[in-house]
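Notes for the structure review
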Amino acid sequence: MILVTGATGHIGSALLRELQACGAGPVRAFTRDASRAAFPEEVEAVEGDFAEVETLRPALDGVRALFLLSRTGPDADILAAARQAGVEHVVLVSSITVQTHPHLGPAGENLAVERLLKDSGMAWTILRPTQFASNALMWAGTIRDRAAVRAPYADTGLPTIHPADIASVARAALTEPGHRGRTYALTGPEPVSARQQAEAIAAVLGRDVPFIEISRKEARGPMAAVFGEEAADAVLDVMGGDVKDELLAVRDTVAQVTGSPARPFRQWAAENAHSFR
């Protein structure tokens, strides 16, 4: 039995489809509300909430492998519950900022979760993806309203990754030998700036998407109101304020692990055009 947490998210939902397609065996999805989730027929849905770790215990019954997103709940308690339930292997989604921006608060928190997992006694595989292509969904309302996308560091290109590629690597780690004890830095196939992302969305919509570059100060206020000041500064540093060469590097890890090249941003934009119409 494989348990997928974050099952309705961009990575989790893609992972469920991949596990079904490859005949991985019994798969269980952990979700807050099974009635609102659309899972493949063979997937068993179990309701629960990481805020109440006791609700995770029934979902862990009989599970040998766990897919887990870092920092979605009390990680120490979640990992302890997994070990007590007899889970053998955990595939953890962390962040590439652990190696590119270790001084930032969120990166330090992700590293702490990685260490908890490594010290848990369970086998582990750690995925460290870069910026998600799906982050562009924060512009969806603006683009639907035909207003201008406003973003800082407009021409800093990061090798943005399609969430389905993270899912593909997770599927391989969960179902194939050779991935335990490995840490994988994951990127898309090429750098894509914020301006280029807006242009790619415009191309699939068949209309202009206005773009305005704004200053860090202009961007920080709204971000801090939503995420808090420390998180806002961390996000802005990663977006371009404190760019490290290691963050800009394109890696072929997705192809090496899965045998298929990483998907370009324009493919993600085409698959999600409905969100911007």
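Conventions we followed
Residues numbered from 1 in each chain as written. Predicted model: local features only at pLDDT ≥ 70, side-chain atom pairs only at ≥ 80, totals over all residues. Heavy atoms only, no water. Helix = DSSP H or I, 4+ residues; strand = E, 2+ residues; numbered from the N terminus. Rg over C-alpha atoms; globule rule 2.2 N^0.38 Å. Areas by Shrake-Rupley, 256 points an atom, 1.4 Å probe, with all protein chains shown as cover. Lys, Arg positive; Asp, Glu negative; His and termini not counted. Charge placed at Lys NZ, Arg CZ, Asp CG, Glu CD. Buried < 20%, exposed > 50% of the residue type's maximum accessible area, 1.4 Å probe, protein only. Pairing = 2+ DSSP bridges. Core = buried A, V, L, I, M, F, W, Y, C linked by side-chain atoms within 4.5 Å. Contact = heavy atoms within 4.5 Å. 1 Å grid on protein atoms, 1.4 Å probe; cavity = no way out; pocket = protein on both sides within 12 Å on 5 of 7 lines; lining within 4 Å. Points joined across faces, edges and corners; volume = space filled by probe spheres on them. Nonpolar A, V, L, I, M, F, W, Y, C, P; charged D, E, K, R; others polar. Polar contact = N/O pair within 3.5 Å; in protein donor to acceptor, adjacent residues only side chain to side chain. Salt bridge = Lys/Arg side-chain N within 4 Å of Asp/Glu carboxyl O. Axes fitted to C-alpha atoms, helices over the stretch in contact; angles between N-to-C directions.

1. Here's the deal with the overall build of the protein chain
When helices and strands are tallied, the protein chain shows 13 helices and nine strands. The C-alpha radius of gyration computed for the protein chain amounts to 19 Å, which stays within 12% of the reference 19 Å derived for 277 residues, consistent with globular compactness. With an accessible surface of roughly 12,600 Å², the protein chain has 48% of that area assigned to carbon and sulfur atoms. Measuring between centres, the 27 positive side-chain charges of the protein chain sit 2 Å from its 34 negative side-chain charges.

2. Here we look at the pairing of strand β5 (residues 89-93)
Where burial is concerned, most of β5 is hidden: five out of the five residues are buried. Alternating residues of β5 divide into His89, Val91 and Val93 and Val90 and Leu92, and every residue in both groups is buried. Inspection of the sheet shows strand β4 (residues 65-69) paired to β5 by five bridges, in the parallel sense. Paired with Phe67 across the bridge in β5 is Val91. In this structure, β5 lies alongside strand β6 (residues 123-129), joined through five bridges in parallel fashion. Residue Val91 lies in a different strand from β6, and its bridge partner there is Thr125.

3. Digging into the nonpolar core
Membership of the largest hydrophobic core comes to 32 residues, with the highest contact counts inside it found for Val4, Leu15, Leu16, Phe67, Leu127 and Leu186. Secondary structure elements with two or more residues in this core: β1 (2-4), α1 (10-21), β2 (27-31), β4, β5, α7 (163-175), β8 (182-186) and α12 (253-258). Ranked by the residues each element gives to this core, the list is headed by α7, at eight residues. Dropping the residues within four chain positions of it, Leu16 is found in contact with Val4, Ala7, Val27, Ala29, Phe39, Pro40 and Val43. Grouped together as the second largest cluster of nonpolar side chains are 23 residues, Leu60, Leu79, Leu92 and Met122 included.

4. A short note on the layout of surface pockets
To find the voids left in a structure, one rolls a probe of water-molecule size over its atoms. Space inside the second largest pocket adds up to approximately 180 Å³. The wall of the second largest pocket is formed by 13 residues, among which His10, Ala14, Arg17, His162 and Ala164 lie closest to the centre. Listed by contribution, the elements that provide at least two residues to the lining of the second largest pocket are α1, α7 and α13 (265-271). Here the lining of the second largest pocket takes five residues from α1, the largest share from any one element. Here the lining of the second largest pocket is built from residues that sort into four nonpolar, five polar and four charged.

5. Examining the side chain of Thr160
Summarising the element assignment, Thr160 is placed in the loop between β7 (149-151) and α7. Polar contacts involving the side chain of Thr160 include one to the side chain of Gln131, which spans 2.9 Å. The contact partners of Thr160, leaving out residues within four places of it in the chain, are Thr130, Gln131, Phe132, Ala133, Gly188, Glu190, Val192, Gln197 and Phe265.

6. Regarding the pattern of salt bridges
Enumeration according to the criterion identifies 17 salt bridges in this entry. One salt bridge in this structure joins Asp155 and Arg195, with 2.8 Å as the shortest N-O distance. Placement of the pair is Asp155 in the loop between β7 and α7 and Arg195 in helix α8 (residues 194-205), with a sequence separation of 40 residues. Given a relative accessible area of 27%, Arg195 falls into the partly exposed group. For Arg171, the salt bridge identified is with Glu176, shortest N-O distance 2.8 Å. For Glu176, a relative accessible area of 34% puts it in the partly exposed group. Taken together, the shared-partner salt bridges connect Arg216, Arg220, Glu229, Asp233 and Asp237 into one network.

7. A short note on the sheet that holds β8
Spatially, seven strands are ordered β3-β2-β1-β4-β5-β6-β8 in an open sheet, and the strand pairing comes out parallel. The open sheet has two free edges, formed respectively by β3 (44-47) and β8, since each of these has just one partner strand. Averaged over all pairs of adjacent strands, the angle between strand axes in this sheet comes to 20°, irrespective of strand direction. Here four bridges tie β2 to β3, and the two strands are oriented parallel to one another. Its bridge partner lying in β3, Arg28 is registered against Glu44.

8. Thoughts on unusual backbone geometry
A positive phi is found at Arg71, a non-glycine position, where the angle reads about 65°. Along the chain, Arg71 falls in the loop between β4 and α3 (75-85). Classification of Arg71 as partly exposed rests on a relative accessible area of 39%. Its identity is not glycine, yet Tyr153 carries a phi of approximately 50°, on the positive side. Examined against the element boundaries, Tyr153 turns out to sit in the loop between β7 and α7.

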